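# Geometric and topological summary
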Amino acid sequence: MKTWTLRAHGQDLTLDEVDDLVPGPGEAIVQLRAAALNHRDVWLQQGNYFISKLPVTLGADGAGVVGAVGPGVSQDWLGAEVVVNPAIGWGDSEHYAADDFRTLGTPDNGTFATQLRISAAQLCRKPEHLDFVQAAALPLSGLTGYRALFSRGQLAHGETLLITGIGGGVAQFMLQYAVAAGARVYVTSSSADKLSRACALGAVDGEIYRAPGWEAKLKAKAGRGFDLIVDSACGDDFPKFVDLAAPGGRIVYFGLTAGPSPALDMRNFYRKQLSLLGTKMGSPRDFESMLDFVSRHEIVPSIDTVLNFGDVNTAMKSLANGEHYGKIVFRIS
Ligand SMILES: NC(=O)c1ccc[n+]([C@@H]2O[C@H](COP(=O)([O-])OP(=O)(O)OC[C@H]3O[C@@H](n4cnc5c(N)ncnc54)[C@H](OP(=O)(O)O)[C@@H]3O)[C@@H](O)[C@H]2O)c1
C-alpha cells in the first residue's frame, strides 16, 4: 500500500510504500477511493495542534470499499461501499465526548493512504446519491456542522441563523443543512464572491467580516437579531455576537481560526438570556442522523477542488492559503 507520511512538523508529507494492512479482531481494511482535507490536517502539519504524533498518516475523511474484515466482524461488510466515521471513542453520553476521544488521522493513522485499518464500528454505508469523491468530503465537516446546528443549536424551521466564514468546509455543510431545514440563513465571509455563491445556495444575504461596521449592517438586515449564531473563528469579532443575537438566542462555536476572543458584554448576555454552547465533532448517533439527513435531502457536499493522490502536498498548501470554497478532495485509485 502507499501512504503519505508526516515525519516532521513544517515539512511536506512523504510518499511511502509499505506492507498491505491486515485487520485485527473487530477491524476492517478499507480500500480508500477518495480522501478529503480539514483545517486540522494543516494545524497538525504545522505542529500547531494540541496533540502530536510523528511519524503519522494524516487524514480524517475517507470513503472506499471494505476489502477485508478481521475476526468478529460480519462478512456482510466485504465489498460494501462505506464512509468512515472519524470520531473515535466518543463514549456513552450524547452530551460530551469521553476522555479518550480522538479524531482519525492523529494519533491513529488516517486516510491519506490507499488503505485504512479501522474498527468496524466506525464504518457506515455510503449514501447512495454520492460518489466516492463526494462521500469523502462528508465525514468530519458534515458531522461537526450537523451537531453544531441541530444537536447543540436546536435549529428550528423558520428561525434566523448566522453562519460566519461561509467559505469554510464545515460552514458549507451548515448552509445546505439549514436551507433544507427551512431556516433563514445569513452569512459572513472575507470575499464578496463567496457571499454571492452562498446566496446562490440559498443564503438570504451576507456581509464581509473585514469591512468596518459589518455587524450593524447585518443586524439591520436580520430584524430582531439571530436566533442562532454558529461560529468557528472566535477572534476579535466574537463579542459582537452578544449584540447580534436575538433575545433568548443561542451562540454555538467549535473553533478558533482567528484566535481567542476578548471579553463578552456579560451584562447584556444575561439580560438577553443568551446561551453559549461549545461543540465538538459528534456522537455515533449524530453521525447516523447526519447521514440520514444528507440522504433524505440529497445533499451534495460543496467541493472546491478534486486532485490526484500524488498531489497531497499541493492540496495541503491550498487549504492553508484559505482560498478555497468548500472541500478539497483527492482521488485514490
Ligand atoms: N470542534 C470540532 O470538532 C471541529 C471540527 C471541525 C473543525 N473545527 C475547527 O473549526 C474551524 C473551521 O474548520 P474548517 O475545516 O471548516 O476550516 P476551513 O475550511 O479552513 O475554513 C476556515 C474558514 O474560516 C473563515 N474565517 C477565517 N477568519 C475568519 C474570521 N475572522 N471571521 C469569520 N470567519 C473567518 C474563512 O471563511 P471565508 O473563506 O468565508 O472568509 C475560512 O474559509 C477550524 O478552526 C477547525 O480547527 C473544529
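Conventions used here
- Residues numbered from 1 in each chain as written.
- Predicted model: local features only at pLDDT ≥ 70, side-chain atom pairs only at ≥ 80, totals over all residues.
- Heavy atoms only, no water.
- Core = buried A, V, L, I, M, F, W, Y, C linked by side-chain atoms within 4.5 Å.
- Buried < 20%, exposed > 50% of the residue type's maximum accessible area, 1.4 Å probe, protein only.
- Helix = DSSP H or I, 4+ residues; strand = E, 2+ residues; numbered from the N terminus.
- Domains from an automatic or database assignment.
- Contact = heavy atoms within 4.5 Å.
- 1 Å grid on protein atoms, 1.4 Å probe; cavity = no way out; pocket = protein on both sides within 12 Å on 5 of 7 lines; lining within 4 Å.
- Points joined across faces, edges and corners; volume = space filled by probe spheres on them.
- Near = heavy atom within 4 Å.
- Polar contact = N/O pair within 3.5 Å; in protein donor to acceptor, adjacent residues only side chain to side chain.
- Areas by Shrake-Rupley, 256 points an atom, 1.4 Å probe, with all protein chains shown as cover.
- Nonpolar A, V, L, I, M, F, W, Y, C, P; charged D, E, K, R; others polar.
- Phe/Tyr/Trp six-rings, centres within 6.5 Å; stacked < 30°, edge-to-face > 60°.
- Buried area = accessible area lost by both parts, 1.4 Å probe.
- Salt bridge = Lys/Arg side-chain N within 4 Å of Asp/Glu carboxyl O.
- Pairing = 2+ DSSP bridges.
- Axes fitted to C-alpha atoms, helices over the stretch in contact; angles between N-to-C directions.
- Parallel < 35°, antiparallel > 145°, perpendicular 65-115°, else oblique.
- Left-handed = near helix turned anticlockwise from the far one by under 90°.

Among soluble globular proteins, nonpolar side chains are generally buried collectively. Residues Leu149, Leu161, Ile163, Tyr177 and Met290 are the most contacted members of the largest nonpolar core, which totals 54 residues. No other element matches the seven residues that helix 4 (residues 169–180) contributes to this core. Summarising the domain contributions, this core has at least three residues from each of domain 1 (2–138 + 301–331) and domain 2 (148–278). Aside from chain neighbours lying at most four places away, what touches Leu149 is Gln154, Leu155, Leu161, Met174, Tyr177, Ala178, Leu228 and Val230. Among the nonpolar cores identified, the runner-up in size contains 35 residues, and Trp4, Leu37, Phe309 and Phe330 belong to it.

What follows deals with the layout of surface pockets. Regions of empty space are outlined by a rolling probe, equal in size to a water molecule, passed over the atoms. Space inside the second largest pocket adds up to approximately 400 Å³. As for the second largest pocket, its lining consists of 24 residues, of which Leu21, Asp108, Asn109, Gly110 and Arg117 are closest to the centre. Within the residue set of the lining of the second largest pocket, elements represented by two or more residues are strand 1 (2–5) and strand 8 (115–119). No other element matches strand 8, which puts five residues into the lining of the second largest pocket.

Contacts to the ligand come from 24 residues, most closely from His39, Ser189, Ser190, Lys194 and Tyr209. With respect to the ligand, the backbone of Ile166 contributes an N or O atom lying 3.3 Å from an oxygen atom. The protein chains hide 86% of the 930 Å² of surface that the ligand would expose on its own. Going through the elements one at a time, helix 1 (39–46), helix 3 (139–152) and helix 4 are the ones with two or more residues in the shell around the ligand. Classifying every residue of the shell around the ligand gives ten nonpolar, twelve polar and two charged. Two domains each put at least three residues into the shell around the ligand: domain 1 (2–138 + 301–331) and domain 2 (148–278).

Let us now look at the packing of aromatic side chains. Tallying each qualifying case throughout the model produces 15 aromatic pairs. The interplanar angle of 65° and the centroid separation of 6.3 Å between the aromatic rings of Trp4 and Phe309 together place this pair among those described as edge-to-face. Residue Trp4 is found in strand 1, and its partner Phe309 is found in the loop between strand 16 (303–308) and helix 10 (312–321); the two are separated by 305 residues along the sequence. Here Trp4 matches Phe309 in class, with each residue buried. Taken together, Tyr146, Phe150, Phe173, Tyr177 and Phe293 form an aromatic cluster joined through their ring pairs.

This next bit is on the domain arrangement of the protein. What the domain assignment lists for the protein is domain 1 (2–138 + 301–331) and domain 2 (148–278). A C-alpha centroid distance of 29 Å is found between domain 1 and domain 2. In this complex, domain 1 contributes eleven residues to the contact, which on the side of domain 2 involves twelve residues. Taken over both partners, the interface formed by domain 1 and domain 2 buries close to 930 Å², and the fraction arising from carbon and sulfur atoms is 58%. Put simply, domain 1 and domain 2 have zero salt bridges between them. Partitioned by chemical class, the residues of the side of domain 1 that touches domain 2 number five nonpolar, four polar and two charged.

Further remarks concern the pairing of strand 3 (residues 27–36). Counting buried residues along strand 3, seven of its ten residues qualify, which places the element largely inside the surrounding structure. The pairing of strand 3 with strand 8 spans five bridges and is antiparallel. In the strand pairing of strand 8, Ile29 is matched with Arg117. When strand 3 meets strand 4 (residues 61–69), the two strands line up antiparallel, connected through eight bridges. Within strand 4, the residue paired with Ala35 across the bridge is Gly62. Examined bridge by bridge, strand 3 and strand 17 (residues 327–331) share three bridges and lie antiparallel to one another. Directly across from Ala35, in strand 17, lies its bridge partner Phe330.

What follows is about the packing of helix 3 against helix 4. For the pair helix 3 and helix 4, interaxial distance at closest approach is 8 Å and the crossing angle is 55°. Put simply, helix 3 runs oblique to helix 4. Crossing of helix 3 over helix 4 shows right-handed handedness. Here Ser141, Gly142, Thr144, Gly145, Tyr146, Ala148, Leu149 and Phe150 of helix 3 lie close against helix 4, whose contacting residues are Gly169, Val170, Phe173, Met174, Tyr177 and Ala178. Per-class residue counts for the contact of helix 3 with helix 4 are nine nonpolar, five polar and no charged.

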